[in-house]
Amino acid sequence: MASRIQLRRDTANNWSNNNPTLQQGEPGFETDTGYFKIGDGSTAWNDLAYIGAGTKPNDSIAIGNNAGNNSQSCQAVAIGYYAGYDSQSGGSVAVGEYSGEYYQGYHSVAVGSCAGNCNQSYVATAVGRAAGYYSQAVGATAVGHLAGYCCQGYHSTAVGRKAGRYSQGSYSVAIGAEAGQYYQANYSIAIGGGAGYEYQGANSIAIGQGAGGIYGCQIPCNVGPIRLSQVGLILESIDSACIG
């Protein structure tokens, strides 16, 4: 009489909800995804890596321990330790340890250790260690170590180490190391190292090393068009300006 061997099996959702601990060398098979894990006798199911993880049936890619582990959506890419770990949305890309770890939005990009770590929004981009780390808003761009680190506003841009680091306002621009680092207001521009460093006011412009400084460009001065021939820049309809 022939013998039949069957693996321990269940749906991916049931495995995740029950979260059992498999014995050392015991395989567990997901009937709806075709993926499986092998136990080590001590690690619960949700913390075990898939065996031979790569392209999944929904055309997503997960490479690395716990990459894309929970609810990775179609055509998403997660590469690195815990990259895209939980609820990575469709078309998003997370490359680097802990990048896009929790709730990465549709078509967003996180590249670098801890980039876009939590709540990175739709079509946002974070490149650099801990860039766009927490609650990066829709369409925001952060490039550089700790750029746009926390609560970067809608369609804002932060380029440079610690640029737009905390609560950068919507549609604002910070370019340069520590430019617009703290609480840069909406529609403001800071260009240069430390420009608009802290509490830069709305609709204001700070250009140059340390321009604007702390509490810089806060009081409206109703300047007219300013032409900076040396940099070929025309500034119009702004509330305040700090240059140099």
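Figured I'd write up the structure that's included with this text. (Residues numbered from 1 in each chain as written. Predicted model: local features only at pLDDT ≥ 70, side-chain atom pairs only at ≥ 80, totals over all residues. Heavy atoms only, no water.)

## Here we look at the overall build of the protein chain
In terms of regular secondary structure, the protein chain is built from one helix and 16 strands. The buried share of the protein chain, reckoned over its 244 residues, is 45%. A separation of at least 24 residues holds for 6% of the contacts in the protein chain among residues at least 6 apart in sequence. Total accessible area computed for the protein chain in this model is approximately 11,400 Å², and 52% of it derives from carbon and sulfur atoms. (Helix = DSSP H or I, 4+ residues; strand = E, 2+ residues; numbered from the N terminus. Buried < 20%, exposed > 50% of the residue type's maximum accessible area, 1.4 Å probe, protein only. Contact = heavy atoms within 4.5 Å. Areas by Shrake-Rupley, 256 points an atom, 1.4 Å probe, with all protein chains shown as cover.)

## Brief notes about the packing of aromatic side chains
Under the definition given, this model contains 14 aromatic pairs. Taking 5.9 Å as the distance between ring centres and 20° as the angle between the ring planes, the aromatic pair formed by Y82 and Y98 counts as stacked. Highlighted residues: Y82 in the loop between β5 (77-79) and β6 (93-95) and Y98 in the loop between β6 and β7 (109-111), separated in sequence by 16 residues. Since its relative accessible area comes to 14%, Y82 is described here as buried. (Phe/Tyr/Trp six-rings, centres within 6.5 Å; stacked < 30°, edge-to-face > 60°.)

## Re the side chain of S60
If you trace the backbone, S60 turns up in the loop between β3 (36-38) and β4 (61-63). Judged by relative accessible area, which is 0%, S60 ranks as buried. Here the side chain of S60 touches Q72 through a polar contact of 3.2 Å, side chain to side chain. (Polar contact = N/O pair within 3.5 Å; in protein donor to acceptor, adjacent residues only side chain to side chain.)

## Remarks on the environment of Y134
When you line up the elements, Y134 lands in the loop between β8 (125-127) and β9 (141-143). By relative accessible area, which is 36% here, Y134 ends up partly exposed. Here the alpha-carbon distance between Y134 and Y102, two residues 32 residues apart in the chain, equals 9.7 Å. If we ignore the near neighbours within four places in the chain, the residues touching Y134 are C118, N119, Y149, C150 and C151.

## Some thoughts on the sheet that holds strand β2 (residues 27-30)
The three strands are arranged β1-β2-β3 in an open sheet whose pairing can be described as mixed. Looking at the sheet topology across the chains shown, the edges are occupied by β1 (8-10) and β3. The average angle at which neighbouring strand axes cross in this sheet is 20°, direction not considered. As defined by bridge partners, β1 adjoins β2 across three bridges and the pair is classed as parallel. Its bridge partner lying in β2, R8 is registered against G28. (Pairing = 2+ DSSP bridges. Axes fitted to C-alpha atoms, helices over the stretch in contact; angles between N-to-C directions.)

## A word on the environment of S71
Inspection of the secondary structure assignment puts S71 in the loop between β4 and β5. Assessed through its relative accessible area of 57%, S71 is described here as exposed. Separated by 59 residues in the primary sequence, S71 and A12 have C-alpha atoms spaced 9.2 Å apart. The residues touching S71, leaving out its near neighbours within four places in the chain, are S87 and Q88.

## Re the pattern of salt bridges
Going through the model one piece at a time under the given rule, you end up with two salt bridges. In this structure, R8 engages E26 in a salt bridge whose closest nitrogen and oxygen atoms are separated by 3.3 Å. On the criterion of sequence distance, the pair formed by R8 in strand β1 and E26 in the loop between α1 (12-18) and β2 is long-range, its members being 18 residues apart. Taking the relative accessible area as the measure of exposure, E26 reaches 22% and is therefore partly exposed. A salt bridge links E178 to R161; its shortest N-O distance comes to 3.6 Å. (Salt bridge = Lys/Arg side-chain N within 4 Å of Asp/Glu carboxyl O.)

## Considerations on a nonpolar patch on the surface
Together, I63, I79, V95, V111, V127, V143, V159, I175 and I191 give the surface a local cluster of nonpolar side chains, amounting to about 560 Å² of exposed area. Tracing the backbone shows V159 in strand β10 (residues 157-159). (Patch = residues over 30% accessible without salt bridge, like charges linked within 9 Å, V, L, I, M, F, W, Y side chains within 5 Å.)

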